Amino acid sequence: MTKRKILFLGESYRADAINWMNGLKEFGHFEIISWELKTPNNSVYNRIIRVLEFKLAYFKIKKLIRQQQPDMVIAERTTSYGFLAVISGIKPIAIAQQGRTDLWPENSMLLPLKKIIQNYAFKKATLIHAWGPVMTISMVKAGVDMNKVLVLPKGIDLKKFENKNKANPEKICAIVSRSLLPEYRHDIILHAFALLHQRGIDFSLTIVGDGTRLQFLKDLTKELQIKKKVIFTGKIPNTELPKLLQQSNIYISMPITEGVSASLFEAMACGCYPITTDIPGNQSWINHRENGLLIPVDDVEMLAKELIWAFENGTHRNKAVSDNRKFIEENADYKTNMKIISDKYHELIEAAQN
């Protein structure tokens, strides 16, 4: 029997995209072909080139379709690759909103155009992925037919991210595993730990990953006199992350906006107590002082205070960690969720071919 082919439109190097494609190969036995814009989105000049590349994308994708004859097209981001998917001529079409909204940044001059593109993509898509409940809020506002929305996270590999926590119980062993970009507010986290240091509270802080703020953050640890207590791992293979999470008792993430965070799920699976920002994307999973802590955006004092509270309340923390692992097993198991998604795709392809 010939394998069914899926054309993936999106940035294939991203961990999120890799998990999506690999899950479809493993649990749906699909063959995946992919296409993406080649110009990085990292400077004004490159953004201009990228817009020109986007205008020519239709013809390149049509050529690839003629060569490969895919049975279905899937795409990430409703304002870019999702739009290319719905004009590709292939059906069925599954598109995924990546954040709380893909209409970002909110002060962008291109926002009116992005809205038009997104509404067209929503209208023409066969299936729309909301990786979590927070994503449906903007969809409802946009008038999306919610009957074609699948609210389900891709999930995480529970065999890889096991609850084998070996953190030192005598001190705060915290970890941050978000990209070192301004919107993740690592500086706020460092300032909070500087307050702990001033109060004589022992800790270790591991900051995983790379990004534009790496040198700035390293310099900040010196300025705040906590350099000896902060480890920057740099970019690491995803296979090394579980061990680092299992050596930590507290996970911290302070983004100013959030969709569905695989990093949060990974930390919850590995027995880290989660402390994150009090924004809709996190409120879907965390209830304050029940299974984690929610901190107002950029509130250094509250973060420091709640870090101390979490560490001092070990019984609460242990119960939360146990409850969180159970929640992840029931709701965010990659094996279960990707099988549901794969089966749905097969169903849509069969309906389109009949």
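The structure under discussion appears in the preceding block.
Residues numbered from 1 in each chain as written. Predicted model: local features only at pLDDT ≥ 70, side-chain atom pairs only at ≥ 80, totals over all residues. Heavy atoms only, no water.

Draft legend 1. View of the overall build of the protein. Regarding its fold elements, the protein presents 13 helices and 12 strands. Whereas a compact globule of 354 residues would reach a radius of gyration of roughly 20 Å, the protein reaches 21 Å, a difference of no more than 12%. Projecting the C-alpha coordinates of the protein onto the three principal axes gives extents of approximately 65 × 45 × 35 Å. In the protein, buried positions account for 53% of the 354 residues. In the structure as shown, the protein presents an accessible area of about 17000 Å², 52% of it carried by carbon and sulfur atoms. Computing the positive centroid from 48 side-chain charges and the negative centroid from 37, the protein places the two 6 Å apart. (Helix = DSSP H or I, 4+ residues; strand = E, 2+ residues; numbered from the N terminus. Rg over C-alpha atoms; globule rule 2.2 N^0.38 Å. Buried < 20%, exposed > 50% of the residue type's maximum accessible area, 1.4 Å probe, protein only. Areas by Shrake-Rupley, 256 points an atom, 1.4 Å probe, with all protein chains shown as cover. Lys, Arg positive; Asp, Glu negative; His and termini not counted. Charge placed at Lys NZ, Arg CZ, Asp CG, Glu CD.)

Draft legend 2. Region of interest: unusual backbone geometry. The step from K91 to P92 runs through a cis peptide bond, and the omega angle for that step is 5°. For Q69, which is not glycine, the phi torsion reads 50° and is therefore positive. Within the secondary structure, Q69 sits in the loop between α2 (44–68) and β3 (72–76). At Q225, a position not held by glycine, the phi torsion is positive, near 60°. Among the structural elements, Q225 can be located in the loop between α7 (214–223) and β9 (230–234).

Draft legend 3. Up close: the nonpolar core. Ranked by size, the top nonpolar core spans 52 residues in total, and within it L9, L24 and Y345 carry the most contacts. Per element, the largest residue contribution to this core is 6 residues, and it comes from helix α13 (residues 334–353). Look past the residues within four positions of Y345 in its chain and what remains in contact with it is I6, W20, L24, F30, M72, I74, A94, L127 and H129. One finds L196, V230, I275 and A304 within the second-largest nonpolar core, a separate group that totals 37 residues. (Core = buried A, V, L, I, M, F, W, Y, C linked by side-chain atoms within 4.5 Å. Contact = heavy atoms within 4.5 Å.)

Draft legend 4. Summary view of the packing of helix α1 (residues 15–28) against α13. At their nearest, the axes of α1 and α13 sit 9 Å apart, and the two run at 75° to each other. When the axis of α1 is compared with that of α13, the two are roughly perpendicular. Note on element contacts: α13 touches α1 through Y334, K335, M338, K339, I341, S342, Y345 and H346, opposite N19, W20, N22, G23, L24, F27 and G28. Taken together, the residues of the contact of α1 with α13 break down into 7 nonpolar, 6 polar and 2 charged. (Axes fitted to C-alpha atoms, helices over the stretch in contact; angles between N-to-C directions. Parallel < 35°, antiparallel > 145°, perpendicular 65-115°, else oblique. Nonpolar A, V, L, I, M, F, W, Y, C, P; charged D, E, K, R; others polar.)

Draft legend 5. The packing of aromatic side chains, seen in detail. Taken as a whole, this structure holds 9 aromatic pairs when the rule is applied. One aromatic cluster is present, formed by F8, W20 and W131 through successive ring pairs. Above the plane of the ring of F203 lies K229, whose end atom (NZ or CZ) is 5.1 Å from the centre. Against the face of W309 rests R289, its NZ or CZ located 4.0 Å from the ring centre. (Phe/Tyr/Trp six-rings, centres within 6.5 Å; stacked < 30°, edge-to-face > 60°. Lys NZ or Arg CZ within 6 Å of the ring centre and 35° of its normal.)

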